[in-house]
Amino acid sequence: MKYYEQLLDKGCFSRDDLCAMVGNYNTVGTLLKNYLKKGYIQKVKRNLYVAINLADRQPVVSKYHIAGSITKSAYISHHAAFEYYGCANQVSYQVEVSSETSFTDFSFNGNNYAFFSSRISDGIIMRHDGVRATDIERTVIDSINDFNKVAGLEELLRCIELIPSLDDEKLLSYLFSYNKQILFQKTGYILQHYKHMLRLSDMFFVECAARIGKSTRYLTKSTGNIYNSEWRLIVPDNLNKITDKGVDYDAAI
């Protein structure tokens, strides 16, 4: 157990990390096999390991810390970030991991770690507990952009309902970074339902509306759609009934 205490402090580590502790690359392989056999560590994926708490035989770090260790540029995003911030309605066993370097999706300890390409570089923060995550505004924009790939529209709306407020300048900054007309459309339409609750300014929606172009697009493919002329979107006609709170669109604007 010579290096076990150091590995507990490290949490997640690679073969190179262990080599830096040991100082002898030739003995690292033997040490890894020994620690794996004794249950001091577990293999997360190729060249990524996690230290194990011997009291409960569980990893000493959370799934969010593990996610941020998968690649050098990895961080939690989308629904995983909502969950980390306490704004998720449902507990998910998928952990969305954005990264500049791709990796193959894998499962560990009951969770599936899913790769998402890191499309913009701003809005990533290191939390006080060492978790790398998108801030709440970037999480909202990413999730609106990808809700059909992640948790769906209903869960997205429920997550938004749990957010106390948003910084509209940050939201616009991330929208400009994405530079997608449809994302301005979807963001403006969805967040207008929560304008007062999230303390968003009129100017935010003016800026979004000025960049929606002339194309008509679908918010999501579903039955019972209606056309929203303000945002040039075909949307579900029962959007204000999807969540338990039933946000009133007319009241919101």
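A quick note: this is a predicted structure, and the numbers were derived from the prediction, not measured. (Residues numbered from 1 in each chain as written. Predicted model: local features only at pLDDT ≥ 70, side-chain atom pairs only at ≥ 80, totals over all residues. Heavy atoms only, no water.)

1. Details of the confidence of the model for the protein chain
Detailed reading of the predicted model is not advised wherever pLDDT is low. Quick note on the threshold: pLDDT measures how confident the predictor is about each residue, on a scale from 0 to 100. In this description, contact between two residues means that some pair of their heavy atoms is separated by no more than 4.5 Å.
The predicted model of the protein chain averages 90 in pLDDT, with 94% of residues at 70 or higher. Within the model, the stretch residues 248–253 combines pLDDT values under 50 with 14 contacts to residues more than four positions away or in other chains.

2. Describing the packing of helix α8 (residues 168–178) against helix α10 (residues 202–209)
Going by this rule: Inter-axis angles, ranging from 0 to 180 degrees, are taken between N-to-C directions of lines fitted to C-alpha atoms, where helices are fitted over the stretch in contact. A run of DSSP states H or I qualifies as a helix once it reaches four residues; a run of E qualifies as a strand once it reaches two. Both are numbered from the N-terminal end. For this classification, under 35 degrees means roughly parallel, over 145 means roughly antiparallel, 65 to 115 means roughly perpendicular, and everything else is oblique.
The contact between α8 and α10 brings their axes to 10 Å, and the two run at 10 degrees. Here α8 is positioned roughly parallel relative to α10, judged by the angle of their axes. Counting all contacts with α8, which are made through D168, L171, L172, L175 and F176, the residues of α10 involved are F204, E207 and C208.

3. Brief notes about empty space enclosed by the protein
Defined as follows: Cavities and pockets are defined on a 1 Å grid built over the protein atoms alone: a cavity is a set of grid points where a 1.4 Å probe fits but cannot escape, while a pocket is an open set with protein on both sides within 12 Å along at least five of seven lines, and lining residues are those with an atom within 4 Å of any such point. Grid points are joined across faces, edges and corners, and a volume is the space filled by probe spheres set on the points. Each residue gets one label: Ala, Val, Leu, Ile, Met, Phe, Trp, Tyr, Cys and Pro are nonpolar, Asp, Glu, Lys and Arg are charged, and the others, such as Gly, are polar.
Under the counting rule described, the total for this entry stands at three cavities of 30 Å³ or more. Each pocket or cavity is described by its volume, and for the largest cavity that value is around 80 Å³. Lining the largest cavity are H78, H79, F82, S143, D146, F147, V150, A151, G152, E155, L156 and C159. Of all the secondary-structure elements, those providing two or more residues to the lining of the largest cavity are α5 (78–84), α6 (136–146) and α7 (153–161). Of the residues belonging to the lining of the largest cavity, the class tally is six nonpolar, four polar and two charged.

4. Quick word on the environment of S201
So the rule is basically this: To sort residues, take the accessible area from a 1.4 Å probe on protein chains only and compare it with the maximum for the residue type: under 20% means buried, over 50% means exposed, and anything in between is partly exposed.
Inspection of the secondary structure assignment puts S201 in the loop between α9 (181–192) and α10. On the basis of relative accessibility, which here comes to 29%, the residue S201 falls in the partly exposed class. Once the C-alpha coordinates of S201 and F184 are considered, the two residues, 17 residues apart in sequence, prove to be 15 Å apart.

5. Let's talk about the layout of surface pockets
Volume-wise, the largest pocket comes out at about 370 Å³. Taken together, 19 residues make up the lining of the largest pocket; nearest its centre are C12, D17, L48, G68 and S69. Elements supplying a minimum of two residues to the lining of the largest pocket: β1 (12–13) and α4 (63–67). Class assignment of the residues belonging to the lining of the largest pocket gives a composition of seven nonpolar, seven polar and five charged.

6. What about the sheet that holds strand β11 (residues 217–218)?
Stated formally: A strand pair is defined by DSSP finding two or more bridges across the two strands.
One open sheet accounts for three strands, arranged β11-β13-β12; its pairing is mixed. Of all strands in the sheet, those with a lone pairing partner are β11 and β12 (225–228), marking the two edges. Here two bridges tie β11 to strand β13 (residues 233–236), and the two strands are oriented parallel to one another. Bridge pairing in β13 places R217 opposite L233.

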